[in-house]
Amino acid sequence: MDSTIVAAAIREHKTRMAERAVALQYEAQPYLQEKYGAEGRNRSVRDAAYHFDYLAQSIEARDQAIFVNYLQWLRSLLRQRNMGDDVVEVGLDMTERALRETLDDPAGTVAAQAVQEARSAMGGDTTLQSVIEADGELAALALAYLEALLVGDRRLATRLIMEAVDGGTSIREIYLDVFQKTQREIGRLWQLNRVSVAQEHFSTAATQMIMSQLYPRIFSSDRIGRRFVGTCVGGELHEIGIRMVADFFEMEGWDTYYLGANAPLEAVVETVERQRPDILGISATMTFHVSEVSDMIEQVRAAPAGVDTRILVGGYPFNVLPGLWKNVGADGYAADAMETISTAEHLLA
């Protein structure tokens, strides 16, 4: 059966299937209701919908690794929150059952089998090593900056960065070895249940504020006559990565136009038509937003200005799934801001 049809059916009915799967799980594991109450059950329905988002994307892309990677992450996350593997296993049992009950065959059978195959391929735990190397050149600064963020000391965090820049550390090094690594480390610590959502949000906001204080130095570079437009897909709220990419292009002398998070598709196409960029950068950090990346690329390609625009993609899904960028129709992929520059120059050369 056509994978796009199966994926579309899953997305169409995901809310109903999430409610059904959770109802079945709470019947099988009644202690969940006693422990987490009505609010916890509502969160479970919301989270169960993500199962179907990732499953639909995995089937549509014909890439089992998308769903396998998600299940490994989910298991690790719940373990850190003192929830046993049985919660994941029973939840997936009920996910399969909800698929079979809700979707007409053969879509229901295909989707349920995809869940079974992914469960078999999960393997062992995903190792969550720190992304800040102890012997890195700026490791001490990165760790001090991270500690300042996690205790909510924005003034200290700002002073650490400004003193480092005034002392000769390049902004490029600050972005790559401090900002980028601390943001990824905070994400790792959240997964391990060692930082809260509030701490994560504060750290992102503080880093963006400090980045804005560095802009007078970033925007002083000579222009080279090239233009970059950077955006996140609609629904994507994690914007700091693509903002860093846009700043790197500015440091290299490019003119940039930054659209930020949750950009409507129509606005992106309109901006490409108006700005005529050499490079369009599209960011997605959630795997279930990959289909939106594909849709955006398709729409940009259909616009007159999109014919001559090279498109680069980046973000977590593309980092963990090599070759995914080809599936969405992009011209290239980059793992970080520095690599985006070199990839862009290669494409334009």
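See the structure shown above.
Quantities reported herein were computed from a predicted structural model and do not represent experimental measurements.

Each value, and the rule that gives it
- Residues numbered from 1 in each chain as written.
- Predicted model: local features only at pLDDT ≥ 70, side-chain atom pairs only at ≥ 80, totals over all residues.
- Heavy atoms only, no water.
- Helix = DSSP H or I, 4+ residues; strand = E, 2+ residues; numbered from the N terminus.
- Rg over C-alpha atoms; globule rule 2.2 N^0.38 Å.
- Buried < 20%, exposed > 50% of the residue type's maximum accessible area, 1.4 Å probe, protein only.
- Contact = heavy atoms within 4.5 Å.
- Areas by Shrake-Rupley, 256 points an atom, 1.4 Å probe, with all protein chains shown as cover.
- Lys, Arg positive; Asp, Glu negative; His and termini not counted.
- Charge placed at Lys NZ, Arg CZ, Asp CG, Glu CD.
- Phe/Tyr/Trp six-rings, centres within 6.5 Å; stacked < 30°, edge-to-face > 60°.
- Lys NZ or Arg CZ within 6 Å of the ring centre and 35° of its normal.
- Salt bridge = Lys/Arg side-chain N within 4 Å of Asp/Glu carboxyl O.

**As for the overall build of the protein chain**
1) Next: Scanning the protein chain for helices and strands turns up 15 helices and five strands.
2) Next: In summary, the protein chain has a C-alpha radius of gyration of 22 Å against a globular reference of 20 Å for 349 residues, a match within 12%.
3) Next: Summarising its shape, the C-alpha atoms of the protein chain cover approximately 65 × 50 × 30 Å along the three principal directions.
4) Next: Counting the 349 residues in the protein chain, one finds 49% classified as buried.
5) Next: Taking the intrachain contacts of the protein chain between residues at least 6 apart in sequence as the baseline, contacts between residues at least 24 apart amount to 73%.
6) Next: Surface accessibility of the protein chain: about 16,100 Å² in total, with carbon and sulfur atoms responsible for 49%.
7) Next: Charge separation in the protein chain, taken as the distance between the mean sites of 33 positive and 50 negative side-chain charges, equals 2 Å.

**Things to note about the packing of aromatic side chains**
1) Next: All chains considered together, the criterion is met by seven aromatic pairs.
2) Next: When the ring of Tyr 145 is compared with that of Phe 179, the centres are 5.6 Å apart and the planes differ by 50°; the resulting orientation is tilted. Here Tyr 145, found in helix α6 (residues 139-150), pairs with Phe 179, found in helix α8 (residues 171-191); they are 34 residues apart in sequence, far enough to count as distant.
3) Next: Ring geometry for Phe 228 versus Phe 249: centroids 4.1 Å apart, planes at 10°, classification stacked. One end of the pair, Phe 228, is in strand β1 (residues 227-232); the other, Phe 249, is in helix α10 (residues 240-251), with 21 residues separating them in the sequence.
4) Next: Phe 228 sits in the buried class, given a relative accessible area of 1%.
5) Next: Assessed through its relative accessible area of 0%, Phe 249 is described here as buried.
6) Next: Here a set of aromatic residues connected by ring pairs shows up, and it is made of Tyr 145, Tyr 175, Phe 179 and Phe 248.
7) Next: The residue whose ring lies beneath Arg 41 is Tyr 26, and the NZ or CZ to ring-centre distance is 4.9 Å.

**With respect to the pattern of salt bridges**
1) Next: As enumerated under the stated definition, the model contains 20 salt bridges in all.
2) Next: Close ionic contact of Glu 163 with Arg 159 constitutes a salt bridge, the shortest N to O distance being 3.9 Å. A residue pair is termed a helical-turn pair when its members lie 3 or 4 positions apart in one helix, as Glu 163 and Arg 159 do in helix α7 (residues 154-166) at four residues.
3) Next: Using a relative accessible area of 44% as the deciding quantity, one classes Arg 159 as partly exposed.

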